[in-house]
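Below are the chains, spelled out letter by letter.
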Amino acid sequence: MAGNTLAVPIIDVPVLSLIRPNIANGPWIAGGAVIQWYRGQQVGRHDVDVFFRDESQFNSVKNRLRTDMCDVFGLESSPPANNCQLIFNSANAETYQWNGFNVQLIKSRYYNSVNELLDRFDITACKVTSDGRSWYTNHPLTERHIKDYVLDMDRIMPETAVKRMFKYWIYGYQPTVDLIERIQQIPDLQNNFANSTDYDS
């Protein structure tokens, strides 16, 4: 379901100009950064997670990031090269620190559509994407869960569920009783929690 216009803080406009997200065709910014924009808040400490339709799309954004070229307010700009630094690299993701943003380019898999991407998210509040002007979700509870800080998962991924529950609990979300009960049923719960990361599990 398409949403209303977002009030993205002006301080976050450069990262939108860099990534050039497109809800219909990708690339897609999804998850925590979009939740911040939905609330009219700047990204701040949250990663800007970027997902792609294919390798070509991934490389286009990566190349703009590494050359520090973006179109801000219609003006082509090239900040000093030290404004972009690769801070993490794995088979699943590359994370760059760029002009105060942590931009995480997800390469573990590519997506044929925005709905395919959002269906992969476990936390219902995170099933949202934006192009900087409007937001989109395909889940009927996402908007309410964002507004009311409800923490729920429509599917449990044992290798990451505990870590992600605590991460969003710290952000102020309240887990549902059903979610806690389902997580308690995860086999070998302690080992799954110790060895998990969001995109490198």
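See above for the structure.
No experiment lies behind these values; they were computed from the predicted model shown.

Colleague: Explanation requested: the pattern of salt bridges in the structure shown.
Modeller: Charged atoms that come close allow side chains of opposite charge to pair. Applying the stated criterion across every chain, the model contains nine salt bridges. For the salt bridge of E116 with R109, the shortest nitrogen-to-oxygen distance reads 2.8 Å. Put simply, E143 and K147 hold a salt bridge, and the shortest N to O gap is 3.5 Å. Here K147 and E143 lie together in helix α5 (residues 142–148), a separation of four residues that amounts to about one turn. Judged by its relative accessible area of 27%, E143 falls in the partly exposed class.

Colleague: Would you mind showing me how to read the packing of aromatic side chains here?
Modeller: Pairs of aromatic rings are described using the distance from one ring centre to the other and the angle between the two planes. Counted under the stated rule, the structure contains nine aromatic pairs. Taken together, a centroid distance of 5.6 Å and an interplanar angle of 70° make the contact between F51 and F121 edge-to-face. With F51 in strand β3 (residues 48–51) and F121 in the loop between α4 (114–119) and β9 (129–130), this residue pair connects regions lying 70 residues apart in the sequence. Each of the two residues, F51 as well as F121, counts as buried. Taking the centre distance of 5.9 Å and the plane angle of 20° together, the rings of F166 and W169 count as stacked. Taken together, the positions of F166 and W169, both in helix α6 (residues 161–170) and three residues apart, correspond to about one turn of that helix. In this structure an aromatic cluster arises from ring pairing among Y149, Y168, Y171 and Y173. It is R39 that lies over the ring of Y149; its NZ or CZ is 3.8 Å from the centre.

Colleague: What is the right way to look at the nonpolar core in this model?
Modeller: Soluble, globular proteins show a tendency: their nonpolar side chains are buried together. If you look at the biggest cluster of nonpolar residues, it comprises 53 residues, and the most contacted ones within it are I19, I29, W37, V48, V103 and L105. Looking at this core, the element that brings in the most residues is helix α2 (residues 32–38), giving five residues. The contact partners of W37, leaving out residues within four places of it in the chain, are L6, A7, V8, P9, D12, V15, L16, I29, V43 and S130.

Colleague: It is not clear to me how the pairing of β3 should be interpreted in this structure. Could you clarify?
Modeller: The two faces of the sheet receive side chains in turn, since in a regular strand these alternate between them. Side chains V48 and V50 of β3 all project onto a buried face; the interleaved residues D49 and F51 project onto the opposite face, where all are buried too. As paired elements, strand β2 (residues 28–30) and β3 share two bridges and run antiparallel to each other. Within β3, the position partnered with I29 by the bridge is V50.

Colleague: When you look at the environment of F88 in this model, what are you seeing that I'm missing?
Modeller: If you trace the backbone, F88 turns up in strand β6 (residues 84–89). Residue classification places F88 among the partly exposed positions, given a relative accessible area of 36%.

Colleague: Looking at this model, I keep getting lost on α6. Mind explaining?
Modeller: Every α-helix winds through 3.6 residues per turn, so residues three or four apart in the chain are directed the same way. Residues of α6 that are buried: A161, V162, R164, M165 and Y168. Phi for G172, located one or two positions after α6, is positive at around 110°.

Colleague: Is there a simple way to explain the environment of V162 in this structure?
Modeller: In this fold, V162 is placed in helix α6. When the C-alpha atoms of V162 and I186 are compared, they prove to be 9.3 Å apart, with 24 residues separating the residues in sequence.

Colleague: Looking at this structure, how should I read the packing of α6 against helix α7 (residues 177–184)?
Modeller: Helix-helix packing is described using two parameters, namely the angle between the two axes and the distance between the axes. Following both chains from N to C, one finds α6 and α7 inclined at 150°, their axes separated by 10 Å at the closest point. Judged on the interaxial angle alone, α7 and α6 are roughly antiparallel. For the pair α6 and α7, the crossing hand works out as left-handed. Mapping the contact onto sequence places A161, V162 and M165 in α6 and L179, I180 and I183 in α7. In the contact of α6 with α7, the residues fall into six nonpolar, no polar and no charged.

Quick notes on the rules
- Residues numbered from 1 in each chain as written.
- Predicted model: local features only at pLDDT ≥ 70, side-chain atom pairs only at ≥ 80, totals over all residues.
- Heavy atoms only, no water.
- Salt bridge = Lys/Arg side-chain N within 4 Å of Asp/Glu carboxyl O.
- Helix = DSSP H or I, 4+ residues; strand = E, 2+ residues; numbered from the N terminus.
- Buried < 20%, exposed > 50% of the residue type's maximum accessible area, 1.4 Å probe, protein only.
- Phe/Tyr/Trp six-rings, centres within 6.5 Å; stacked < 30°, edge-to-face > 60°.
- Lys NZ or Arg CZ within 6 Å of the ring centre and 35° of its normal.
- Core = buried A, V, L, I, M, F, W, Y, C linked by side-chain atoms within 4.5 Å.
- Contact = heavy atoms within 4.5 Å.
- Pairing = 2+ DSSP bridges.
- Axes fitted to C-alpha atoms, helices over the stretch in contact; angles between N-to-C directions.
- Parallel < 35°, antiparallel > 145°, perpendicular 65-115°, else oblique.
- Left-handed = near helix turned anticlockwise from the far one by under 90°.
- Nonpolar A, V, L, I, M, F, W, Y, C, P; charged D, E, K, R; others polar.

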